[in-house]
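Inside the fold
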Amino acid sequence: MSLLSQSLLDLPQEPGSAIATAELPLETRELRRLLDDFLNREVRNPLDQSLGKLGNYRWGVYAFYDYDGEPIYVGQTKESLRTRIRRHLTNQRTDAVAMSVLDPFEVYRIVVYPLPQLETRSANDAQAKELLDALEQQVYSQAIATSKFGAILNEKEPPAAKVAVEVPESFSGIIVSDAVRAIREHPDMRIARRTQTISRLAMIISQRRVQKGLRKVLHVQALRLEWLTRKRFNSASDTVEDD
């Protein structure tokens, strides 16, 4: 064995630095834990008063909110709230995430609107789909109305409502623990992350022929970044730079 190899073996091992750990990183563990807690929450079906897990509802609409309480994305599902939301935030295999439209890092709170009256309907049921579209349009419009930017990060607007639908009871949950929030919430970290998202999205746009909606998302992200950097600048005081 060479002297260099022996020297490397003799170096002290830092506690907790085992390369072979099978444990997921803290942020990933906490996201999965709190997301499962939310999706496994028992709620009462208003139709028959039976209890069931929130995430098991097949039909429904969901909305994501960031650390400032700003709505950032609205979507719908007819395969289950659990499957669709987890695909966004854990598997990250949706177009919105893949195209850098939605950064899962930004999602702090989720609100879901299940439609229990559609549970027995087929995914191909046209009338059920009209009700789902109408609900998504209402939640989307509400998000736009409450956004300080008058816009969210959906690439496309929901289909125009063809029927009237009453907004059902909603359920809200925070999916970021205090420990993870302490890591992520610092405005400089959020600015850096948002800048990376914009850069990736702009690169995607530069490399392919895209719909106008993707350019709209880039503009909204730029507005969100400008707002956050301006807010940070206005609240900052002069400090001595580190050497």
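The rules behind these values
- Numbering of residues starts from 1 in each chain and follows the order in which that chain's sequence is written.
- Where totals are concerned, whole chains, interfaces and linings use all residues; where local detail is concerned, this predicted model gives features only for residues with pLDDT of at least 70, and gives and counts side-chain atom pairs only at 80 or more.
- Excluding hydrogens and water, the side-chain values take into account all heavy atoms of the structure.
- In this analysis, rings of Phe, Tyr and Trp, with Trp reduced to its six-membered ring, are considered paired at centre separations within 6.5 Å, and the interplanar angle assigns stacked below 30 degrees, edge-to-face beyond 60, and tilted for intermediate values.
- For every residue, the accessible area (1.4 Å probe, protein chains only) is compared with the maximum for its type, and the residue is labelled buried under 20%, exposed over 50%, or partly exposed between those bounds.
- Secondary structure elements follow DSSP: runs of H or I of four or more residues count as helices, runs of E of two or more count as strands, with numbering from the N terminus.
- A helix is expected to span 1.5 Å multiplied by its residue count minus one.
- To obtain the arc, one takes the directions from the helix axis to the C-beta atoms.
- By definition, residues are in contact when any of their heavy atoms lie within 4.5 Å.

1. Structural notes on the packing of aromatic side chains
This model, assessed by the stated rule, comprises four aromatic pairs. Here phenylalanine 64 and tyrosine 73 contribute two aromatic rings whose centre-to-centre distance is 6.3 Å and whose plane-to-plane angle is 25 degrees, an arrangement assigned as stacked. Relative accessible area serves as the criterion here: at 0%, phenylalanine 64 is assigned to the buried category. Classification of tyrosine 73 as buried rests on a relative accessible area of 12%.

2. Looking at helix H7 (residues 187-207)
An α-helix turns once per 3.6 residues; consequently, residues spaced three or four apart project the same way. Taking 1.5 Å of rise per residue, the 21 residues of H7 would be expected to cover 30 Å, and the 30 Å separating its terminal C-alpha atoms lies within 8% of that figure. Turning to H7, its buried residues number three or more, namely Arg190, Ile191, Arg194, Thr197, Ile198, Leu201, Ile204 and Ile205. Buried residues of H7, seen end-on, are gathered within an arc of 150 degrees and therefore sit on one face of the element. Looking at H7, the residues exposed on the side facing more than 90 degrees away from the buried face are Ser206 and Gln207. Where H7 is buried, its residues contact helix H4 (95-98), helix H6 (178-184) and helix H8 (212-235).

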